[in-house]
Amino acid sequence: MKSPFLKIGVICLLLAVAGYFALKSTSKNSSPINPAGITATATVPKLALGPDSFSSRQIGNPADGTPWITDLLITDLDQDGLKDILVCDGRLNKVSWIRQVSKGVFEEQDIGQTVAGPAHLEVADLNGDGHLDVLVASMGVIPPSNAKTGSVVVLVNDGTNHFTNRVLLENVARVTYVAAADLNKDGRLDLVVGQFGYIEGEIRWMENLGNWEFKSHPLLDLPGTIHAPVTDLDGDGNPDVVALVSQDSEEVHAFMGDGAGHFRDRVLYGSTNKDFGSSGLTIGDVNQDGKPDIVYTNGDGFDYATPGSRPWHGVQWLENLGGGKFTFHRIGDFPGCYSPVVVDLNGDGHNDIVACSGFNDWTNKDAVALMCFENDGTNHFTPRVLAHAPTHLIVVKAADLFNDGRIELVTGCFAFYPPYDRIGRVTLWERKK
């Protein structure tokens, strides 16, 4: 029985230490076609992608021992025009805000109270007061367990940068994903909740009844959910849910919505390899034809006594042909691959795919930590190594952090097996030219 990202009990027990993480924001301020929410401008020259394309620096608090950053989110939390970074810290059981106080200057502060085993972050104005609240998927306990320790927590924003924890769901199988969207078109933001669990797990949607009350509706009775973003896959104007389910399934599910809160389950792709190692999924318009495509990675290595990569790890693209039809494309190999991002990284007008590695042979100085698959404009992709360190990168996000048309990357380190000689915590990657 496998467990992706936060299915790490075997490693936790072996290392005598006490999640799954990360995609695409489905808040009111994000786009289902371009999850990063950015495009390069024509005034910025095209970037030649390679190890010297970006400079890196640590932002926020320094690493204390071996960091467990389970998720990151780039968003303008205080809506001051400067993008910030929200951080899930799985080892310290907290959510923090790396605020951009002025261009390129960042300060980190904890927000809300303790959240046990935080695994995923989204922002949304859940109570309609004009302030962005922070949704957190909480596993409760990190080692694989069927105990009902999961919860959904919202850090309610009072508008003065103070956040108060409110529990929306508790005593359920370990929660690894939560997103907000109006699934039944009643004007209120509902929730999609992925519960990885272990032997038992599920996907549900929670209908917003108002006044912080929610009613749960089941979508899938299987363990292993990693991501479950919301988009309109078929262009009918109704929100659909796309889910990556690992464990014994290793499948991509699409729950096609009718706009009234009813969903029909379809399996879009499934691997026959039970060790496939599904690790992350995002929605993005890869070929820029106006239809949302699905990009997902397989690179999990938590299951093995000696953690590391497998030769089948890499990136996949399910091209949306319209009419409910999808075509599978293997983008490329990448050991330990996690956290796909669809973004025009080099500014040539074509969407590339960025991913990081959480599992590689870090004793090898040439092991790749950060990779871009460069799109030539005809949807042929060439792997471009961006960095070999810091290592143990479990999540990467992309955005124009400084509002200058250039794309920056932010990565998070989840250091769960040695060596630890080249680790960071939260790393900002800035374009050199």
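Quick note: structure is the one above.
Below or above, wherever it landed, is the structure these notes cover. Counting restarts for each chain: residues are numbered from 1 in the order of the written sequence. Per-residue local features are limited, in this predicted model, to residues with pLDDT of at least 70; the limit for side-chain atom pairs, both in listing and counting, is 80 or more; totals at the level of whole chains, interfaces and linings are taken over all residues. With hydrogens and water set aside, each side-chain value is computed from the structure's full complement of heavy atoms.

### Considerations on the overall build of the chain
Here comes step 1: Each helix is a run of DSSP H or I of at least 4 residues and each strand a run of E of at least 2, with the numbering of both proceeding from the N terminus. Helix and strand counts for the chain come out as one helix and 29 strands.
Here comes step 2: Evaluated residue by residue, the chain yields a buried proportion of 61% over its 433 residues.
Here comes step 3: Of the roughly 15000 Å² of accessible surface on the chain, 49% is carried by carbon and sulfur atoms. Only protein chains enter the accessibility calculation, which uses a 1.4 Å probe; a residue whose area is less than 20% of its type maximum is buried, one above 50% is exposed, and one in between is partly exposed. Throughout, the Shrake-Rupley method with a 1.4 Å probe supplies accessible areas, and for residues the shown protein chains are the sole cover considered.

### A few points about the environment of Ile74
Here comes step 1: Relative to the assigned elements, Ile74 resides in strand β2 (residues 69-75).
Here comes step 2: Considering only alpha carbons, one finds Ile74 and Leu409, 335 residues apart in sequence, at a separation of 9.7 Å.
Here comes step 3: Contact criterion: two residues are considered in contact whenever any of their non-hydrogen atoms come within 4.5 Å of each other. Ile74 has contacts with Lys83, Asp84, Ile85, Lys397, Ala398, Ala399, Leu401 and Val410, leaving out every residue within four places of it along the chain.

### Focus: the pattern of salt bridges
Here comes step 1: Just to be clear on terms, a salt bridge is a Lys or Arg side-chain nitrogen sitting within 4 Å of an Asp or Glu carboxyl oxygen. Per the stated rule, a full pass over the model turns up 15 salt bridges.
Here comes step 2: Here Asp421 makes a salt bridge to Arg422, at a shortest N to O gap of 4.0 Å.
Here comes step 3: Residue classification places Asp421 among the partly exposed positions, given a relative accessible area of 48%.
Here comes step 4: Among the ionic contacts, a cluster of salt bridges with common partners joins Asp89, Glu108 and Arg425.

### Considering the sheet that holds strand β1 (residues 54-58)
Here comes step 1: DSSP calls a pair of strands paired once it identifies at least 2 bridges connecting them. Read across the open sheet, the four strands follow the order β1-β29-β28-β27; overall the sheet is antiparallel. Two strands lie at the open edges of the sheet, namely β1 and β27 (393-399), each paired on one side alone. Pairwise comparison of adjacent strand axes, ignoring direction, gives a mean angle of 25 degrees for this sheet.
Here comes step 2: Note that strand β28 (residues 408-413) and strand β29 (residues 426-431) share four bridges and pair antiparallel. Its bridge partner lying in β29, Val410 is registered against Leu428. To get an axis, fit a line to the C-alpha atoms, keeping to the stretch in contact for a helix; angles then go from 0 to 180 degrees between the N-to-C directions.

### Some words on the nonpolar core
Here comes step 1: Nine residue types can take part in a nonpolar core, namely buried Ala, Val, Leu, Ile, Met, Phe, Trp, Tyr and Cys, and a core is a set of them joined through side-chain atoms within 4.5 Å. Core analysis: the biggest nonpolar cluster contains 45 residues, and Ile85, Leu345, Val354, Leu370 and Leu409 have the highest contact counts within it.
Here comes step 2: For this core, the element with the highest residue contribution is β27, accounting for six residues.
Here comes step 3: Other than its neighbours up to four places away in sequence, Leu370 contacts Phe334, Val354, Ala355, Cys356, Arg384, Val385, Leu386, Ala387, Val396, Leu409, Thr411 and Trp429.
Here comes step 4: Counting 18 residues, the second-largest nonpolar core is a separate cluster that includes Val152, Val154, Val172 and Phe214.

### Brief notes about the packing of aromatic side chains
Any aromatic ring pair is given by two values, namely how distant the centres are and how the planes are angled relative to each other.
Here comes step 1: Pairing of aromatic rings covers Phe, Tyr and the six-membered ring of Trp, with a centre-to-centre limit of 6.5 Å; geometry is then stacked below 30 degrees between planes, edge-to-face above 60, and tilted otherwise. Per the stated rule, a full pass over the model turns up eleven aromatic pairs.
Here comes step 2: Note on Tyr269 and Phe328: the rings are 4.5 Å apart at their centroids and 15 degrees apart in plane angle, and the pair reads as stacked. Taken together, the residues Tyr269 in strand β18 (residues 263-270) and Phe328 in strand β22 (residues 325-333) connect sequence positions 59 residues apart.
Here comes step 3: When its relative accessible area of 33% is taken as the criterion, Phe328 is described as partly exposed.
Here comes step 4: An angle of 10 degrees between the planes, with centres 5.9 Å apart, marks the rings of Phe359 and Tyr417 as stacked. Of this pair, Phe359 sits in the loop between β24 (352-357) and β25 (370-375) while Tyr417 sits in the loop between β28 and β29, and the two are 58 residues apart along the sequence. The pair formed by Phe359 and Tyr417 is uniform in burial state, with each residue classed as buried.
Here comes step 5: Through a chain of ring-to-ring contacts, three or more aromatic side chains come together here, namely Trp68, Tyr338, Phe359, Phe414, Phe416 and Tyr417.

### Observations regarding the sheet that holds strand β6 (residues 118-124)
One key point about sheets: their strands pair by backbone hydrogen bonds, in either a parallel or an antiparallel sense.
Here comes step 1: Spatial strand order, β6-β7-β8-β9: four strands in an open sheet with antiparallel pairing. Edge positions in the open sheet fall to β6 and β9 (163-172), since each of these has one partner strand only. Adjacent strand axes in the sheet meet at a mean angle of 20 degrees when their direction is disregarded.
Here comes step 2: For strand β7 (residues 133-138) and strand β8 (residues 150-157), the ladder comprises five bridges, and the chain directions are antiparallel. Paired with Leu135 across the strands is Val154, a residue of β8.

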